[in-house]
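Structural characterization, general
This is what each chain is made of:
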Amino acid sequence: MNVILFLIFAIIAVVCAINVVVQTHPISSAISLVGVMGSLAILYLLLGAEFIAAAQVIVYAGAVMVLFIFVIMLLNAGAEVKQGRSVVVHLLGVPLLIAFLGLVAYFVQRLFPRDVEVTFGGFTGGTAQAIGRALFTTYMLPFEITSILVLIAIVGAIVLARKEMD
Amino acid sequence: MQLWLIPIFPLAGFLINGLFGRRFSKALVSVFGIGSVALSFAWALKTLLALAPLNTAYSEHYFTWIQSGAFQVNWDFSVDRLTAVMLMVVTGIGSLIHIYSVGYMAHEHGPNHGGFYRFFAYLNLFMFFMLTLVLGANYLILFIGWEGVGLCSYLLIGFYFDKKFATDAGNKAFIVNRIGDFGFSLAMFLIFKTFGSLDFGTVFRQAPAASEAVLTTIGLLLLLGATGKSAQIPLYVWLPDAMAGPTPVSALIHAATMVTAGVYMCARSFPIFTHAPAAMDTIAIIGIATAFFAATIGMAQNDIKKVFAYSTVSQLGYMFVGVGCGAFSAGVYHLMTHAFFKALLFLGSGSVIHALSGEQDMRNMGGLRTKIPITFWTMMCAAVAIAGVPFTSGFFSKDAILFAANHHAPWMYWVGTLTAGITAFYVFRAMFMTFFGRYRGNAHPHESPALMTGPLIVLAILSLGGGFLFKIPEFLGSLFPTLEAPEDVMLMVISSAAGLLGILIAYVMYVVKPGTADSIAGSLGGLYKLVLNKYFVDEAYDATVVKPVVNGSRVVLWRGADAGLIDGTVNGIGTAARAVGGVLRQMQSGNIRSYATWVLFGSVLLIVAMSLSGGLR
Amino acid sequence: MAAIPISWFLTLSAVLFALGVAGFLFRRNIVTVFMSIELMLNAVNLTFITFSYHFKSVDGHLFAFFVMVVAAAEAAVGLAIILTVFKNRSTLNIDAIDSMKN
């Protein structure tokens, strides 16, 4: 059951991710990205991260991607035009990617033998209560700083995107 | 005893005159200048009288100067009989020449009375270094004095520094001396390596035990130094040019004191030389060759100072013959008498030049004997002394050397006697051309002031009576190893006859029949030209040594090594850095995607590196 | 009810990350590039959660939480910048924005 769930949603995630990269029109990429995020939320649930799964759907898929779509609509960007090239990217890009992926996959396989396994319900420490407790005790400082970061982001976004007052 | 005061008085004089003399009047400068040397003379006299009879050396230790591992040099002064002779000669003649200089330099042109204070400052500095040289108790102190007198010689030869020929002459003197000093330095290195010390006492005590080859090498290297300082073949070329300096300088430095430093040093090092017969032979051969060679050049010169310059080179050759044949006391004896009459000859010629307002060419002189009588008579005393006329001081010292030469190798005696004849000839040629006949010039000759004639008279007395007043061979006999040189009366007669013959020939050629000299010169043609141009030795040196060195320096070292190699390397590094930067600049394409590719590349590299170094366990 | 080996999750994460890099390298539209960045961040989040399961500790969840917050802030500001660039250059081609050349 676990395996089937994993396989279904992993494949959905990968297919959507490929779609993000391959599609010419940004809107299609955005929708596919939402699909990726949704599948990832299911995978988080499988790993026992209830709160994070919820946050993923609400914040990431619900707010950030909506923002993306709004901006794409604002910019009225059409399908991508093939223009300009870079020698480095064309020469090195693909080999490096393959090398990167190969290396990481290899090492992951080597370092994590098959006997460590994931089952649904294997980890129960991802509840809102646990996260809240950790957030307001051990990670108090990062929490506060991140709050200020968000404030700065808000102010920055407003300053950058407003119309000039005459 | 406070030996250190002897050189300190002139040093004080140098400092006072050098630092403040610009604002002094000529009289005040003279007081300090003469006073310091006179004080030095008085103190030396007092010390020597107190130390009489000076059978053993007396030393004073001041401080340890250099202490570096096994190498230790102390600042010591010591006085023995040889030092005593040198001290008296240097300070005594030095004082007389200082007094003379006041009169001679009184009418110089230029600011600050024509550099009056500067002249006396340099002269005092010279006295300081010369006295240090003489008093030193080890080779290094001697070398300090050696170098210092070379420096003062340079400063004084180039005293008229606005004249190129004077500064060139100063350069020449210093550079040629350096070649000799190179030999001296090598000798000091070898001495230290062999004996472990530079101290005279230590070295001379151990000298008999060292190998003859080593001692011969040391001796030859010391001789190289001596040929530089004392103007022997091959390094004599600077002395005639040194006549560009004021005449008192020629008298003091290039006749009486500095050039004798080489003879002094060889005499002082006698324990080394007596155990290295090959070196002594070399000294004698160089000495006799120089004596003859320089005498022949002196025959043809027309500048009065040049005649006496070559005469000095020749007489120094005699001193070296004495030293080389083992008659050290005879060499020193001749050093002393030569100081008397050569200083007198130079000062006298200075008086002549002063009387004629700067004329130095003897062809424009003549008949001055009635116009400047004191100069004439005093110079005549010197002339007979140098010619070896019996019972003058020069006679005794020259014969002492000739006896030793005959004992060593008879051919040297004959060459020496011939040279004596030539010496008498050219000296009296100079005297006759200057003082006899009709006056051929355009100036108004006037006698020199008392300040100048006074020292002339004192030196004249010493030239005539020095042999009787100072019996140097007996005085120094206890110091040096004795030499069995029988005093053959026959030899004395022959050498005196040679001298008188020279005087006679000169008399005939220049007084009785004044045109003879020119006709002989005309008939000899090429030979005369050769001698007149000093055998073209300077030109030969220039072509073989100077030009190759200068050109080699310019082409190989300057353009090749310095500009090409070193600058090229440094500039090349800069160019290479710029080239590399130019290549690396291609990465800054402004294209964000390529930047990302490089980041990916770097991360892949990191993973590989980490795994290879075992980080990913 | 077989269990899933943990290396699968990590491999999936690597694949998603590689896809994100591919999108970053090969696409020319700025917005698409931005979305690839978001994809990469998500892949990293998955890694964090996986390791949190592996070590049975909640710290990984908190890391993922903070990544999310920062990603949100970054998306806001980044999109504002894109808007400004579009206003000035009238192009969304990333290759045309190369004034830092040389």
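Residues numbered from 1 in each chain as written. Chains lettered and ligands numbered in written order. Predicted model: local features only at pLDDT ≥ 70, side-chain atom pairs only at ≥ 80, totals over all residues.

Time to look at the interface of chain C and chain A. Across the boundary between the two partners, chain C contributes 64 residues, which contact 74 residues of chain A. Elements with a minimum of two residues in the side of chain C that touches chain A: strand E1 (4-5), helix H1 (6-26), helix H2 (30-55) and helix H3 (59-89) of chain C. Of the residues forming the side of chain C that touches chain A, the biggest block, 21 residues, is contributed by H3(C). By the bridge criterion, two bridges tie strand E1 (residues 117-118) of chain A to E1(C) in an arrangement that is antiparallel. Its bridge partner being in E1(C), A:Val118 is matched across the sheet by C:Ile4. (Contact = placed C-beta atoms within 7 Å. Helix = DSSP H or I, 4+ residues; strand = E, 2+ residues; numbered from the N terminus. Pairing = 2+ DSSP bridges.)

With that settled, the discussion passes to the nonpolar core. Note on soluble globular proteins: their nonpolar side chains tend to be buried together. B:Ala343 and B:Leu344 are the most contacted members of the largest nonpolar core, which has 199 residues in total. Looking at this core element by element, the count peaks at 17 residues for helix H4 (residues 111-135) of chain B. Membership of the second largest hydrophobic core comes to 80 residues, among which are A:Val88, C:Leu25, C:Ala71 and C:Ala76. (Core = buried A, V, L, I, M, F, W, Y, C linked by C-beta atoms within 7 Å. Buried ≥ 20, exposed ≤ 12 C-beta atoms within 10 Å, placed from the backbone.)

Once that is clear, we can look at the confidence of the model for chain A. Summarising the model, chain A shows a mean pLDDT of 87, and 91% of its residues fall at 70 or more. Averaged over each element, pLDDT in chain A is lowest for E1(A) (74) and highest for helix H2 (residues 26-46) of chain A (94). (pLDDT = per-residue confidence, 0-100.)

Turning to the pairing of strand E1 (residues 58-68) of chain B, a few remarks are in order. Of all eleven residues making up E1(B), only zero are buried, and the element is barely covered by its neighbours. Counting the residues in the hairpin turn of E1(B) and strand E2 (residues 71-79) of chain B gives two residues, including B:Gly69, whose phi is positive at 65°.

Attention now moves to the confidence of the model for chain C. Scored by pLDDT, chain C comes out at a mean of 89, with 98% of its residues at no less than 70. Looking over chain C, one finds the lowest element-wise mean pLDDT in E1(C), namely 86, and the highest in H2(C), namely 93.

Right, let's talk about the packing of helix H13 (residues 277-300) of chain B against helix H14 (residues 304-324) of chain B for a bit. Residue and element names in this part refer to chain B. Where H13 contacts H14, the axes come no closer than 7 Å and their chain directions differ by 160°. Taken together, the axes of H13 and H14 lie roughly antiparallel to each other. The interaxial crossing formed by H13 with H14 has left-handed handedness. (Axes fitted to C-alpha atoms, helices over the stretch in contact; angles between N-to-C directions. Parallel < 35°, antiparallel > 145°, perpendicular 65-115°, else oblique. Left-handed = near helix turned anticlockwise from the far one by under 90°.)

Further remarks concern the pairing of E2(B). Here nine bridges tie E1(B) to E2(B), and the two strands are oriented antiparallel to one another. Bridge assignment links B:Ser68 to a residue of E2(B), and that residue is B:Phe71.

With that settled, consider unusual backbone geometry. Going from B:Ala52 to B:Pro53, the amide bond is cis rather than trans, its omega being 5°. Put simply, B:Ile233 and B:Pro234 share a cis peptide bond, and its omega is 0°. You will see that B:Ser357, though not glycine, has its phi angle at about 55°, which is positive. Within the element layout of this structure, B:Ser357 appears in the loop between helix H15 (328-355) and helix H16 (373-387). Of note, the phi angle at C:Lys56 is positive, near 55°, even though the residue is not glycine.

Below, the discussion takes up the environment of B:Arg438. Residues and elements named next belong to chain B. Secondary-structure assignment places Arg-438 in the loop between helix H18 (410-435) and helix H19 (450-469). For the pair formed by Arg-438 and Gly-366, sequence separation is 72 residues and the distance between their alpha carbons is 5.3 Å. Setting aside residues up to four positions removed in sequence, Arg-438 forms contacts with Gly-366 and Gly-367.

Our focus in this paragraph is helix H4 (residues 87-111) of chain A. For H4(A), spanning 25 residues, the distance from its first C-alpha to its last is 36 Å, which sits close to the expected 36 Å at 1.5 Å a residue. All of the buried residues along H4(A) are A:Val88, A:Val89, A:Gly93, A:Leu96 and A:Val104. The elements touched by buried residues of H4(A) are helix H25 (592-612) of chain B together with H1 of chain C. (Expected span 1.5 Å × (residues − 1).)

Residues and elements named next belong to chain B. Relative to the elements of secondary structure, Thr-290 occurs in helix H13. A tally of 26 C-beta atoms within 10 Å means that Thr-290 is categorised as buried. Separated by 26 residues in sequence, Thr-290 and Leu-316 place their C-alpha atoms 8.3 Å apart. Thr-290 has contacts with Gln-232, Ile-233, Tyr-236, Val-313, Ser-314 and Gly-317, leaving out every residue within four places of it along the chain.

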